[in-house]
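Coordinates in review
Chain residues, written in single-letter form:
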Amino acid sequence: RMPQEEKRLAVAVGRAIAKRRNASHLTQERVAERLGIGVEAMSRIERGLALPTVVRLSELADIFDCNIADLVTETSSRATDQASHLERLLSKLSGDDRSMVVDIVETLTNRLDQRRP
C-alpha cells in the first residue's frame, strides 16, 4: 500500500496525465501503445493506483508535447507552483479575458479569506 501523501500525489498526477491525454485527443490505448505498456497499466496510472517513474513521466511529456514539470506542478499544493500553472493558463487568453479571470479569482479569494476564523 502507498503512504497517504504518495497516494495523494499519485491521484493528482494521474488526473494531470488524463487531462493532458484528453487535451491531446489520445485514447488510453494509444498512449499505452506508445509507452509499450498495457491499457490496464495506463488506467492504473490515470486513476492514481500507480505512481509513474520519472522516466515514464518524461515519456508522457514527450507524447503530450509538454514539460515533465507541467505534469507535476499542476498537481502541486505549493502556491508558487499553482501560480505558475495559472500563468500558463492565463497566457492563452486575450488581455480582456485575462482581466476578467483575475477579477473573478480576486473576488473569490477575498470571499474565502473572509470566511476564515
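Provided above is the structure to which this section pertains.
Conventions adopted
Residues numbered from 1 in each chain as written. Predicted model: local features only at pLDDT ≥ 70, side-chain atom pairs only at ≥ 80, totals over all residues. Heavy atoms only, no water. Axes fitted to C-alpha atoms, helices over the stretch in contact; angles between N-to-C directions. Helix = DSSP H or I, 4+ residues; strand = E, 2+ residues; numbered from the N terminus. Parallel < 35°, antiparallel > 145°, perpendicular 65-115°, else oblique. Left-handed = near helix turned anticlockwise from the far one by under 90°. Contact = heavy atoms within 4.5 Å. Nonpolar A, V, L, I, M, F, W, Y, C, P; charged D, E, K, R; others polar. Patch = residues over 30% accessible without salt bridge, like charges linked within 9 Å, V, L, I, M, F, W, Y side chains within 5 Å. Areas by Shrake-Rupley, 256 points an atom, 1.4 Å probe, with all protein chains shown as cover. Salt bridge = Lys/Arg side-chain N within 4 Å of Asp/Glu carboxyl O. Buried < 20%, exposed > 50% of the residue type's maximum accessible area, 1.4 Å probe, protein only. Core = buried A, V, L, I, M, F, W, Y, C linked by side-chain atoms within 4.5 Å.

As for the packing of helix α1 (residues 4–23) against helix α4 (residues 54–64)
Where α1 contacts α4, the axes come no closer than 10 Å and their chain directions differ by 25°. Considering their axes alone, α1 and α4 lie roughly parallel with respect to each other. In this structure, the crossing between α1 and α4 has a hand that is left-handed. On the side of α1, the interface is formed by Val13, Ile17, Arg20 and Arg21, while α4 contributes Leu57, Leu60 and Phe64. Each residue belonging to the contact of α1 with α4 can be placed in one class, and the counts come to five nonpolar, no polar and two charged.

Brief notes about a nonpolar patch on the surface
Taken together, the side chains of Val54, Ile68 and Val72 make up a nonpolar region of the molecular surface, amounting to roughly 220 Å² of accessible area. You can see Val54 is positioned in helix α4.

Thoughts on the pattern of salt bridges
Once their charged atoms are close, side chains differing in charge can pair, the charge on each being opposite to the other. One pass over the full model with this rule turns up seven salt bridges. Arg30 is the partner of Glu33 in a salt bridge, and the nearest nitrogen-oxygen pair spans 2.7 Å. Linking Glu33 with Arg30, this pair stays in helix α2 (residues 28–35), spanning three residues, or about one helical turn. By relative accessible area, Glu33 is classed as exposed at 57%. For the salt bridge of Glu40 with Arg47, the shortest nitrogen-to-oxygen distance reads 2.9 Å.

Regarding the packing of α1 against helix α3 (residues 39–46)
α3 packs onto α1 with a crossing angle of 115° between their chain directions and a minimal axis gap of 7 Å. Residue-level inspection shows Ala10, Gly14, Arg15, Ile17, Ala18 and Arg21 of α1 in contact with α3, the latter providing Met42, Ile45 and Glu46. Tallied by class, the residues present in the contact of α1 with α3 amount to five nonpolar, one polar and three charged.

A few points about the nonpolar core
Most often, soluble globular proteins have nonpolar side chains that are buried together. Core analysis: the largest hydrophobic core is formed by 15 residues, its most contacted members being Ile17, Val31, Met42, Leu60, Phe64 and Leu71. Listing elements by their share of this core, those giving two or more residues are α1, α2, α3 and α4. By residue number, the principal contributor to this core is α4, which donates five residues. Apart from residues lying up to four places away in sequence, Leu71 is in contact with Val13, Ala16, Ile17, Arg20, Leu57, Leu60, Ala61, Phe64 and Cys66.

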